[in-house]
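Coordinate analysis (summary)
Chain by chain, the residues:
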Amino acid sequence: MPTSSASTTDASAKPTAASGGVQSLERAFDLLERMADAGGEVGLSELSAASGLPLPTIHRLMRTLVACGYVRQQPNRRYSLGPRLIRLGESASRLLGTWARPYLARLVEETGETANMALLDGDEIVYVAQVPSKHSMRMFTEVGRRVLPHSTGVGKALLAHTPADEVRALLARTGMPAATEKTITTPEGFLEALEQVRKAGFAVDDNEQEIGVRCLAVSVPNSPTAAAISISGPAGRVTEAVAESFVPILQGVAAELSVALSNQTPA
């Protein structure tokens, strides 16, 4: 892969990898992440402004990524993420679910309710792992299922710290269909709910995705990709009273999972 001696001068550029890394490889992955952050399609000038890298350097890197199938050049000369990334992403999602399963199992053991892990994939929530409750009456969400963020606890947890204009743009793209009579269906109502999540430190789906089901969710802090975990069960069991004891358990497991996903050793 071609290299360049040009240095990154933009203070907003993402930090480079640890000393000893291959600079062109670091830069290529940084560009892919910036493309994903921008919705999957960008122009070279946008990447240059965001990364601080010179246009010739970006052009050489993108040319290599196109040749490898990880990026496509569109007829309008803009660049989009390529189909070869799909297989990598699907494999990574499966592994992420495998790594998370022991932590979700502990949530089930300590709360008695079904535990889930979900990611924000584009504008949708995708469930990547679940460990079911041992109760005969329990919740079940198929791994791989996709739902819209506005009607879920994990969606609220994942979007709680996203700028309001970005949340509004997402909602404009997806719409806000009512899954139940309790689903939030206005941007203002959803933004108010996100403010409550920030204040409380956890999110609630109170019969908003399915009548009779209540869910408590928290984000996984400092996760390499935006992730959240939750517990869900019948509204008669997952009450406001039990939330006081369940939320600290959720937050503790999320913190431990964050360490595990970051390949760090707990202090």
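Residues numbered from 1 in each chain as written. Predicted model: local features only at pLDDT ≥ 70, side-chain atom pairs only at ≥ 80, totals over all residues. Heavy atoms only, no water.

Let's shift gears to the overall build of the protein. For the protein, the count of helices and strands is eight helices and nine strands. Looking at the protein as a whole, 41% of its 267 residues are labelled buried. Of all intrachain contacts in the protein linking residues separated by at least 6 positions in sequence, the fraction that spans at least 24 positions is 55%. Surface exposure of the protein reaches about 13,900 Å², of which carbon and sulfur atoms provide 53%. (Helix = DSSP H or I, 4+ residues; strand = E, 2+ residues; numbered from the N terminus. Buried < 20%, exposed > 50% of the residue type's maximum accessible area, 1.4 Å probe, protein only. Contact = heavy atoms within 4.5 Å. Areas by Shrake-Rupley, 256 points an atom, 1.4 Å probe, with all protein chains shown as cover.)

What follows concerns the environment of Leu171. As for its placement among the helices and strands, Leu171 is situated in helix H6 (residues 164–174). Considering only alpha carbons, one finds Leu171 and Asp123, 48 residues apart in sequence, at a separation of 8.4 Å. Once you skip the residues sitting within four places of it in the chain, Leu171 turns out to touch His150, Met176, Pro187 and Phe190.

Before going further, it helps to examine the packing of H6 against helix H7 (residues 187–200). Contact geometry of H6 with H7 gives a least axis separation of 10 Å together with a crossing angle of 135°. The pairing of H6 with H7 is recorded here as oblique in orientation. Once H6 is placed against H7, the crossing between them reads as right-handed. Across the interface between the two elements, Ala164, Val167, Arg168 and Leu171 of H6 pack against Pro187, Glu188, Phe190, Leu191 and Leu194 of H7. Split by residue class, the contact of H6 with H7 holds seven nonpolar, no polar and two charged. (Axes fitted to C-alpha atoms, helices over the stretch in contact; angles between N-to-C directions. Parallel < 35°, antiparallel > 145°, perpendicular 65-115°, else oblique. Left-handed = near helix turned anticlockwise from the far one by under 90°. Nonpolar A, V, L, I, M, F, W, Y, C, P; charged D, E, K, R; others polar.)

Right, let's talk about H7 for a bit. Relative to the 20 Å expected for 14 residues at 1.5 Å per residue, H7 spans 20 Å between its end C-alpha atoms, a close match to the ideal helical length. Inspection of H7 places Phe190, Leu191, Ala193, Leu194 and Val197 among the buried residues, and these make up the whole buried set. Buried residues in H7, looked at end-on, bunch into an arc of 155°, giving them a common side. Away from its buried face, by an angle of more than 90 degrees, H7 presents the exposed residues Glu192 and Lys199. Looking at the packing, one finds that the buried side of H7 touches helix H5 (153–159), H6 and strand E7 (203–206). Note on H7: the residue one or two positions beyond its end, Gly201, has a positive phi of about 90°. (Expected span 1.5 Å × (residues − 1). Arc of directions from axis to C-beta.)

Read across the open sheet, the six strands follow the order E6-E5-E4-E9-E8-E7; overall the sheet is antiparallel. Of all the strands in the sheet, just strand E6 (146–147) and E7 have a single pairing partner and so form its edges. Across four bridges, E7 lies against strand E8 (residues 213–219) in antiparallel orientation. Directly across from Ala203, in E8, lies its bridge partner Ala217. Helix H8 (residues 240–261) rests against strand E4 (114–121), E8 and strand E9 (227–234) of the sheet, and its axis sits at about 40° to E8. (Pairing = 2+ DSSP bridges.)

Now for the sheet that holds strand E2 (residues 71–73). Strand order in this open sheet of three strands is E1-E3-E2, and the pairing throughout is antiparallel. The strands lining the two open edges of the sheet, one partner per strand, are strand E1 (41–42) and E2. Of the pairings in the sheet, the one linking E1 to strand E3 (residues 79–81) comprises two bridges and is antiparallel in character. Residue pairing across strands places Glu41 opposite Ser80, the latter belonging to E3. Here helix H3 (residues 55–68) sits on the sheet in contact with E2 and E3, set at roughly 105° to E2.

Let's shift gears to a nonpolar patch on the surface. A grouping of Val22, Leu25 and Phe29 is seen on the molecular surface, where their side chains present a nonpolar patch of about 290 Å² in accessible area. Checked against the element boundaries, Val22 lands in the segment before helix H1 (23–37). (Patch = residues over 30% accessible without salt bridge, like charges linked within 9 Å, V, L, I, M, F, W, Y side chains within 5 Å. Salt bridge = Lys/Arg side-chain N within 4 Å of Asp/Glu carboxyl O.)

The topology assignment puts Lys156 in helix H5. Judged by its relative accessible area of 4%, Lys156 falls in the buried class. Among residues more than four places away in sequence, those in contact with Lys156 are Pro149, His150, Ile184, Phe190, Ala193, Leu194, Val197, Ala203, Val204 and Glu208.

Here we take up unusual backbone geometry. Residues other than glycine seldom take positive phi values, yet Arg77 does so here, at roughly 80°. Judged by relative accessible area, Arg77 falls into the exposed class, the value being 60%.

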